[in-house]
Amino acid sequence: MAVLKVKFTKTKRDKLAQILWILNWVSVVSGVILFSLGLFLKIEIKKRSEVMAKGDINSVPNMLISVGVIACIINFLGGKICYDCSDANKFSRWKLVMLPYIVCTFCFTFCILVGALMCYTMRNDLEESLYLGLRDAIKFYKDTDIPGRCFLKKTVDMLQIGFRCCGNNGFRDWFEIQWVSARYLNMASKEVLDRLKSNVDGKFLVDGVPFSCCNPSSPRPCIQYQLTNNSAHYNYDFMTEELNIWVKGCREALLDYYTDIMRSIGIAALLIWLFELSVLIGVRYLQTAMKNVLLLGDLEGESDGWLLENSFVETAKYNINIIKNLGKANQVSTVSGTNDPNIDVQNTNCGNTNITTKSIPAAR
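Residues numbered from 1 in each chain as written. Predicted model: local features only at pLDDT ≥ 70, side-chain atom pairs only at ≥ 80, totals over all residues. Heavy atoms only, no water.

Thoughts on the side chain of Ser-212
Our working rule: Working definition: helices are DSSP H or I runs of at least four residues, strands are E runs of at least two. Numbering for both runs from the N terminus. For this analysis, a polar contact is any N or O atom pair within 3.5 Å, provided that within protein one partner can donate a hydrogen and the other can accept it, and provided that sequence-adjacent residues contribute only side-chain to side-chain pairs. We call two residues contacting when some pair of their heavy atoms lies within 4.5 Å.
Mapped onto the fold, Ser-212 is located in the loop between α6 (190-198) and α7 (250-296). A polar contact of 2.7 Å, which involves the side chain of Ser-212, links it to the side chain of Asp-157. Polar side-chain contacts of Ser-212 include one of 2.5 Å to the side chain of Gln-160. Apart from the residues within four sequence positions on either side, Ser-212 is in contact with Asp-157, Gln-160, Ile-161 and Trp-246.

Some details on the packing of aromatic side chains
Here is the rule we go by: Stacked, edge-to-face and tilted are the three classes for Phe, Tyr and Trp ring pairs, Trp counted by its six-membered ring, which pair at centre distances within 6.5 Å; planes under 30 degrees apart are stacked, over 60 edge-to-face, the rest tilted. Each residue is placed in one exposure class: buried if its accessible area under a 1.4 Å probe, protein chains only, is under 20% of its type's maximum, exposed if it is over 50%, and partly exposed if it falls in between.
All chains considered together, the criterion is met by 9 aromatic pairs. Ring centres of Phe-8 and Tyr-285 lie 6.1 Å apart, and the angle between their planes is 55 degrees; this geometry places the pair in the tilted category. With Phe-8 in strand β1 (residues 6-8) and Tyr-285 in helix α7, the pair connects residues that are 277 residues apart, well separated along the chain. Residue Phe-8 shares its accessibility class with Tyr-285, and that shared class is buried. A centroid spacing of 6.1 Å and a plane angle of 15 degrees characterise the contact between Trp-179 and Tyr-225, whose relative ring orientation is stacked. In this pair, Trp-179 sits in the loop between α5 (152-163) and α6 while Tyr-225 sits in the loop between α6 and α7, placing the two residues 46 residues apart along the sequence.

A few points about the environment of Asp-237
Position of Asp-237 among the secondary structure elements: in the loop between α6 and α7. Classification of Asp-237 by relative accessible area gives partly exposed; the value is 26%. Remark: the alpha-carbon pair of Asp-237 and Leu-227, spanning 10 residues in sequence, is separated by 9.1 Å.

Some thoughts on a nonpolar patch on the surface
Note the cut-off: Nonpolar side chains (Val, Leu, Ile, Met, Phe, Trp, Tyr) are joined into patches within 5 Å and like charges within 9 Å, using only residues with over 30% relative accessible area and no salt bridge. Methods summary: accessible areas were calculated by the Shrake-Rupley approach with a probe of 1.4 Å, and residue burial reflects only the protein chains presented. Put simply, a salt bridge is a Lys or Arg side-chain nitrogen that is within 4 Å of an Asp or Glu carboxyl oxygen.
Nonpolar side chains collect at one region of the surface, where Trp-21, Ile-22, Trp-25, Val-26, Phe-76 and Tyr-83 lie side by side and expose about 610 Å² of accessible area between them. When residues of the nonpolar patch are traced back to their parent elements, those giving at least two are α1 (10-47) and α2 (59-84). Considering every element that reaches the nonpolar patch, the biggest residue donor is α1, with 4 residues. Topologically, Trp-21 is positioned in helix α1. The exposure class of Trp-21 is partly exposed, given its relative accessible area of 34%.

With respect to the UniProt feature "transmembrane region" (unreviewed entry) in the protein chain
Applied cut-off: UniProt positions are given in the numbering used here, feature names are shortened, and annotations may be inferred rather than shown by experiment.
The UniProt record annotates "transmembrane region" (unreviewed entry) at residues 20-40, 60-78, 98-120 and 265-286. Note that residues 98-120 is 100% helix and 0% strand, and that its end C-alpha atoms are spaced 34 Å apart.

So this is what it looks like as structure tokens:
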């Protein structure tokens, strides 16, 4: 029994073909939108690649870009097919193409759904990439004289100013590393030497942060050093007073930024998937309706269109059997009790001349 069977008159078939022709051109535009969203996300990730560890974070934008390009090609072809389907004679040219086209389009729409879901599952990979990348960027903040690292100070400073953040997880991350270059340390100073000797690794550690952590909206001048020393500053208590530096870590700030972008892209991709799925269903109805009208032979009469010719269970069993038999196409049938009739056949002695022939009576 056919699933979701609908009866179509010639007028309804023509209107369906015209509507689908328009919708396929709209789908071309949606493919351009998917491509643009993927390209935008790829550019945004590329902008902060210096503070991200290498990983699979580009899989989502690459998927959206690929799906967008394929959408433009498939829907352009679909528009041509639907336009010709308004004429039964032109439909004959596409009759054998339409079913493979529908199957390919179904797989393509599934890829759109996968891309949309990947936007929501990318957060964990992105968080790990940001954590590792920011950790290394802060670690090499002081290496302004080393090729390949000299740009990291500017990158981190611009990041902290632009995103109003400080450190990886917070401002205390700067307490655990030496972020002041050795060329700017006065080795003749007893205080500097004492700090270097007090650390096992010989690092110059201070309870201070770079200038880029300062909050310009704070009414109090920025306190960069001795943040945890109340006696070093007048009328200051770091436990109760709101600090005049950014408290949020850059990993959290960047993660929130990219999460908002991916959430918006995911919603757009889901809407495009629903639209593409509705167009695909319409194309399926048009294909079955046109196929049946050709079988009936009455191009002006009514015909049935359906989503599936048989029930879901029967269709699933039929497709599973096809998949199972794909590898058995070249195998010889070995049914019990039967053999190939062409095996062990005795050869005919074509050269035997001892065959009695009936004499032909002579004509009188």
